[in-house]
Amino acid sequence: MQYLFGAWDKVRPLIKKAEHILLLSDYDGTLTPIVERPEIANLSENTRKLLRTLAKNPRYTVGIISGRALADLKGKVGLEGIIYAGNHGLEIEGFGYSYFDPVAEEVRPFLQLLGNVLSTTLKGIRGAFVENKGLTLSVHYRTVDETEEEAVADTFKRVTDPLHTTGRIRVTQGKRVYEIRPPVDWDKGKAVIWLLEKCRQVKRKGRILPIYIGDDLTDEDGFRAVEKNNGISILVSDELRQSLAGYFVKSPEEVVKLLEML
Ligand SMILES: [Mg+2]
């Protein structure tokens, strides 16, 4: 993994000669800094302006892929003419298409119920809370005291293990968050491939350069998909860690710098 701005001489020509660029970015921790509660992670006016400018450029198609629910994500970003992929791509809107995973839709009432059970069982742990995102659930523990983290893990495991092992749900982990997803073989990487294909059809361009920017474990699927399609994958991380990404930047501020350079 190379520091993106250190390798800019290598990256710049790829961007310059691309016929069309599919620029995909995660939201939390990538376009915005990680904050204690997801509802206060707001996009800065400057970043919004940069995304709008890129989206209006005919050489670019811009999309945001997030673990947030689609409606929540659209509200947070508030831009027209870009692609939105919510719930890790289980719901996508863009290119005049809407994609909603049918199996995931069926699980919605069950997840609602499971969310209530988890909320109740986690009640005694200060700072732990369940976010119901319709097609997925998140159990956040960003503000939980370190001494209580194991209690969160134990409670989470006790409730979800039977469902997980019988294939009724999928469980993943992010930055101080557990996620429960429907038993659908779908992730940010599959969403990237789907969007790349749609982009080829709509833009009638054979060679599209995909760029993917993300900070979390769930973004690794996106990195893998982009690497397979000769794209540029960029991890946002202030510490060195194992990743499938080809490049890294150190912070959401540096993502802004990248958008400016693009
Ligand atoms: Mg993120």
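Residues numbered from 1 in each chain as written. Predicted model: local features only at pLDDT ≥ 70, side-chain atom pairs only at ≥ 80, totals over all residues.

1. Notes on the overall build of the protein chain
Put simply, the test is: For helices the rule is a DSSP run of H or I covering at least 4 residues; for strands it is a run of E covering at least 2, with both sets numbered from the N terminus onward. Residue burial here comes from a neighbour count, namely the number of other C-beta atoms, placed from the backbone, that lie within 10 Å of the residue's own C-beta, with 20 or more meaning buried, 12 or fewer meaning exposed, and in between meaning partly exposed. Once C-beta atoms have been placed from the backbone, residue pairs whose C-beta atoms lie within 7 Å are recorded as contacts.
Counting its secondary structure elements, the protein chain contains 8 helices and 13 strands. For the C-alpha atoms alone, the extent of the protein chain along its principal axes is close to 55 × 35 × 30 Å. Scored against the burial criterion, the 262 residues of the protein chain give a buried share of 40%. In the protein chain, 56% of the contacts between residues at least 6 apart in sequence involve partners at least 24 apart.

2. Description of the sheet that holds strand S13 (residues 247-249)
Two strands in a sheet stick together by hydrogen bonds in their backbones, pointing the same way (parallel) or opposite ways (antiparallel). Just so we agree on the cut-off: Strands qualify as paired when DSSP identifies two bridges or more between them. Angles shown run from 0 to 180 degrees and are taken between the N-to-C directions of axes, each axis being a line fitted to C-alpha atoms and, for helices, limited to the stretch in contact.
Here 9 strands make up an open sheet; going across it, the order is S1-S13-S12-S11-S2-S3-S4-S5-S6 and the pairing mixed. Every other strand in the sheet has two partners, leaving strand S1 (2-3) and strand S6 (97-100) as the edge strands with one partner each. Pairing between strand S5 (residues 91-94) and S6: 4 bridges, direction antiparallel. Opposite Ile92, over in S6, you have Tyr99 as the bridge partner. Helix H2 (residues 45-56) contacts strand S2 (20-25) and strand S3 (60-65) of the sheet and is inclined by roughly 135° relative to S3. Each of strand S11 (208-214), strand S12 (232-236) and S13 touches helix H8 (residues 252-261); the most contacted strand, S13, lies at about 110° to it.

3. Observations concerning the sheet that holds strand S7 (residues 129-132)
Strand order in the open sheet made by the 4 strands is S7-S8-S10-S9, with antiparallel pairing throughout. Each edge of the open sheet carries a strand with a single partner, namely S7 and strand S9 (170-174). On average, adjacent strands in this sheet sit at an angle of 20° to one another, irrespective of strand direction. Here 5 bridges tie S9 to strand S10 (residues 177-181), and the two strands are oriented antiparallel to one another. Bridge pairing links Gln173 to Tyr178 in S10. On the sheet, helix H4 (residues 102-121) packs against S7, strand S8 (137-140) and S10 and is oriented at approximately 165° with respect to S7.

4. A word on the packing of H2 against H8
In helix packing, the relevant descriptors are the interaxial angle and the interaxial distance, both defined with respect to the helix axes. The line we're drawing: It is the rotation of the near helix from the far one that decides the hand of a crossing: anticlockwise by less than a right angle makes it left-handed, clockwise makes it right-handed. Charged means Asp, Glu, Lys or Arg here, nonpolar means Ala, Val, Leu, Ile, Met, Phe, Trp, Tyr, Cys or Pro, and polar covers whatever is left, Gly included.
For the pair H2 and H8, interaxial distance at closest approach is 10 Å and the crossing angle is 30°. In this structure, the crossing between H2 and H8 has a hand that is left-handed. Residues Asn46, Thr47, Leu50, Leu51 and Leu54 of H2 touch H8, and the partners they reach there are Val256, Leu259 and Glu260. Here the residues of the contact of H2 with H8 are counted per class, giving 5 nonpolar, 2 polar and 1 charged.

5. Focus on the domain arrangement of the protein chain
By convention, interface size is frequently given as the accessible area that disappears when the constituent parts associate. Spelled out, the test is: Each domain's extent is set by a domain assignment, obtained either automatically or from a database.
Assigned domains of the protein chain: these are domain 1 (2-101 + 186-261) and domain 2 (102-181). Of note, the centres of domain 1 and domain 2, computed from C-alpha atoms alone, are 26 Å apart. Each side of the interface is counted separately: domain 1 has 15 residues, and domain 2 has 17 residues. For the side of domain 1 that touches domain 2, the residue count by class is 6 nonpolar, 4 polar and 5 charged.

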